[in-house]
Each structure stands twice: as C-alpha cells, then as structure tokens.
Amino acid sequence: MNVLHVLVHPDPSSDSSTMKLANAFFGTLMEAGIDDVTNLSLYQDKPPFLTAEALRYFWKPVADPGYIPSKQEETSANYAHKHMGDIRDADAIVITTPVWINSAPAILKAWMDQVFVPGNLFEIENGIVKPTHHIKSVVLLASSAEAYKENDPRDALVPLVRGIFAYIGIDDVQVAWADGQDERRYGPDAVKQRLESALEYAGELAEDMAATLMAPPAEA
Ligand SMILES: Cc1cc2nc3c(=O)[nH]c(=O)nc-3n(C[C@H](O)[C@H](O)[C@H](O)COP(=O)(O)O)c2cc1C
C-alpha cells in the first residue's frame, strides 16, 4: 500500500506549521501500520511548466492517434516520464502545502500539469475521461496566515485540488487546514488552538487513510 507524499514547501527542514501538519499526519500513519511512503519534494525536484512540445506529446494523440512525436517533443516529456510512475503506483496521495495568494505555490500546479496527462492516470475515449489509477484516498494538508471560513470565496486552494482529483473520478478529498496562523493578527492563544485542532484532525485523517488502505478489497 503506497502513499505518495507531495511536499510543496520551499524549506522542508523548517519547523513551520505546514511541516508540523505533515509530521503529525505521517507519525499517525506510521503508527497505524502504513510505512510505504514515497516522498516527492517539489522544490527539490522542480517540475518545469508544460511547454508547447510537451502539450503536443501528451495531448495530441487524444485527437490524432496516428501522431508521431518529434525527438524534441519526446525530450520535453522527461520530467513527466520521471515522475508519472510516482502517482500511478500510489494507493493514496497526501499534498502538503502552505497557502500562497489564496492558493498553492505555482509549483504544485506545474506538477499537476506534468503528471495529470492522458495515458498516465486516465485515458480519454470519445471525449470522456476514463480513470485508470487505483488511488483510494486523497488528503490535503495546508497552513495559512489568515483565517478562512468554510467555502470562503477567497479560497482557490481547495477547489484547485478537489477539481483536479474530480477530473480523474475522485470526489472525496479530505482537508486538514491550520488557518489563522498569524500571531500578530490573532494572538498566540488563538493561533496555538487553531494549530492544535488542525494537528488533531490531520491525525484523524491519517487513521482514516490507514483504515481505507488496510480494508479488504470489496467483493466483485
Ligand atoms: C508568497 C506568500 C504568499 C502568501 N499568501 C497568503 C495568503 O494568500 N493567505 C494567507 O492566509 N497566507 C498567505 N501567506 C502566509 C502563509 O500561508 C503562512 O505563513 C503559512 O502558515 C505558511 O506556512 P509555513 O509557516 O509552513 O511556511 C503567504 C506567504 C507567502 C510566502
């Protein structure tokens, strides 16, 4: 049972609230018996933005099955080819990210554009997306300076992550979000309390993920 951890933090060694969430989640996941974790730290292995050549390489065959890529187009898909397997092999995904400008750092979207391509997690038949992955569970761990309310119109992070997974047939993305982490604005007590509840919830989500991964396969 493999869990892919996509870490979107420029300084993974820091003791930041985002990293605390990841530590709480994976500590509980290990205790629950899941230790097969693949770590992909995007700032340590940076995805390039998708180029016109890579776009043609991955998306042109959808409309033109006879398309033969040029050498340059093949080369433009090198990062994707290196990392497509990470997510294809995963039974569960955890994305850990700070909130930047109400969304994720752009590097997360760059990674999504590289690996959410036809032939990797899905095929497209007559315009319809047919998922081919075996992902059973997705969790988003996030941290932000400001407090966000439920379905906050400023929030472009949760819709981004839910949207991309809905595209491949996964409608249930659970979120543990340590928001309101700005001490100057909210004071140390409120910040601490918000972080503690998010850490606790991250632990619960890890237990849920472990239970999902260890559940016997449903009868056909
Ligand atoms: C470039 C940048 C943009 C940010 N944009 C937002 C934002 O839109 N909303 C917010 O609440 N916090 C924002 N923040 C603050 C971070 O989300 C906050 O500090 C978060 O707790 C970072 O987690 P870390 O301490 O783990 O790095 C931003 C921080 C940076 C560096």
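The notes below deal with the structure included here. All values reported here derive from a predicted model rather than from experimental measurement.

Details of the overall build of the chain
Looking only at helices and strands, the chain has eight helices and seven strands in total. Its C-alpha radius of gyration of 18 Å places the chain within 12% of the 17 Å reference for a compact globule of 220 residues. Viewed in the frame of its principal axes, the chain has a C-alpha envelope of about 60 × 45 × 30 Å. For the chain, buried positions account for 33% of its 220 residues. Considering only residue pairs separated by 6 or more positions, the chain has 79% of its internal contacts joining residues 24 or more positions apart.

A look at the sheet that holds strand β1 (residues 3-7)
By definition, the strands of a sheet pair up through backbone hydrogen bonds, in either a parallel or an antiparallel sense. The strand order across the open sheet built from five strands is β2-β1-β3-β6-β7, with neighbouring strands paired in parallel fashion. In the strand order of this sheet, the two ends are held by β2 (37-41) and β7 (173-178), each with one partner. Neighbouring strand axes in the sheet, compared pairwise and without regard to direction, differ in orientation by 15° on average. Pairing of β1 with β2, which is carried by five bridges, proceeds in the parallel orientation. Looking at the pairing, valine 6 lines up with leucine 40 of β2.

Things to note about the site of the ligand
Taken together, 14 residues lie near the ligand, and Ser16, Thr18, Pro98, Ser144 and Glu146 sit nearest. Among the elements that take part in the shell around the ligand, helix α1 (residues 17-31) stands out by supplying three residues, more than any other. In terms of residue class, the shell around the ligand is made up of six nonpolar, seven polar and one charged.

Regarding helix α6 (residues 157-167)
Those residues of α6 not exposed but buried are Leu157, Val161 and Phe165. The buried residues of α6 occupy an angular sector of 45° when projected down its axis, which confines them to one face. Projecting away from the buried face of α6 at angles above 90 degrees are the exposed residues Pro159 and Gly163. On its buried face, α6 sits against β3 (92-98), β6 (137-143) and β7.

Structural notes on the nonpolar core
Counting residues in each nonpolar core, the largest one holds 51 residues, and the members touching the most others are Leu21, Phe25, Ile93, Leu141 and Ala202. The element contributing the most residues to this core is helix α8 (residues 188-214), with seven residues. Excluding its chain neighbours within four sequence positions, the residues that come into contact with leucine 21 are Thr96, Leu141, Ser143, Ala176, Ala178, Ala198, Leu199 and Ala202.

Topic: the pairing of strand β4 (residues 122-125)
Relative to strand β5 (residues 128-131), β4 is paired through four bridges, and the arrangement is antiparallel. Residue glutamate 125 lies in a different strand from β5, and its bridge partner there is isoleucine 128. Where β4 folds back onto β5 in an antiparallel hairpin, the turn is made up of two residues, including asparagine 126, whose phi is positive at roughly 50°.

A short note on α8
For the α-helix, the turn length of 3.6 residues means that residues three or four positions removed from each other point alike. With 27 residues, α8 should cover 39 Å at 1.5 Å per step; its first-to-last C-alpha distance of 39 Å lies within 8% of that length. Burial in α8 covers these residues: Val191, Arg194, Ala198, Leu199, Ala202, Leu205, Ala206, Met209 and Ala210. Tucked inside the fold, the buried residues of α8 contact α1, β3, β6, β7 and α7 (183-186).

Here's the deal with the packing of α1 against α8
Packed helices, taken two at a time, are described by their axes: the angle between them and the distance between them. As a packed pair, α1 and α8 sit with axes 8 Å apart at the nearest point and diverge in direction by 35°. Relative to α8, α1 is oriented so that their crossing is right-handed. Residues Ser17, Lys20, Leu21, Ala24, Phe25, Thr28 and Leu29 of α1 lie in contact with α8, whose contacting residues are Leu195, Ala198, Leu199, Ala202, Gly203, Leu205, Ala206, Glu207, Met209 and Ala210. Each residue belonging to the contact of α1 with α8 can be placed in one class, and the counts come to 12 nonpolar, three polar and two charged.

Quick notes on unusual backbone geometry
Even without a glycine there, the phi angle at asparagine 126 is positive, about 50°. Along the chain, the position of asparagine 126 falls in the loop between β4 and β5. Here asparagine 126 falls in the exposed class, since 5 other C-beta atoms lie within 10 Å of it. Not every positive phi belongs to a glycine, and asparagine 151 is a case in point at roughly 50°. For asparagine 151, the position within the fold is in the loop between β6 and α6.

Cut-offs and rules
- Residues numbered from 1 in each chain as written.
- Predicted model: local features only at pLDDT ≥ 70, side-chain atom pairs only at ≥ 80, totals over all residues.
- Helix = DSSP H or I, 4+ residues; strand = E, 2+ residues; numbered from the N terminus.
- Rg over C-alpha atoms; globule rule 2.2 N^0.38 Å.
- Buried ≥ 20, exposed ≤ 12 C-beta atoms within 10 Å, placed from the backbone.
- Contact = placed C-beta atoms within 7 Å.
- Pairing = 2+ DSSP bridges.
- Axes fitted to C-alpha atoms, helices over the stretch in contact; angles between N-to-C directions.
- Near = placed C-beta within 6 Å.
- Nonpolar A, V, L, I, M, F, W, Y, C, P; charged D, E, K, R; others polar.
- Arc of directions from axis to C-beta.
- Core = buried A, V, L, I, M, F, W, Y, C linked by C-beta atoms within 7 Å.
- Expected span 1.5 Å × (residues − 1).
- Left-handed = near helix turned anticlockwise from the far one by under 90°.

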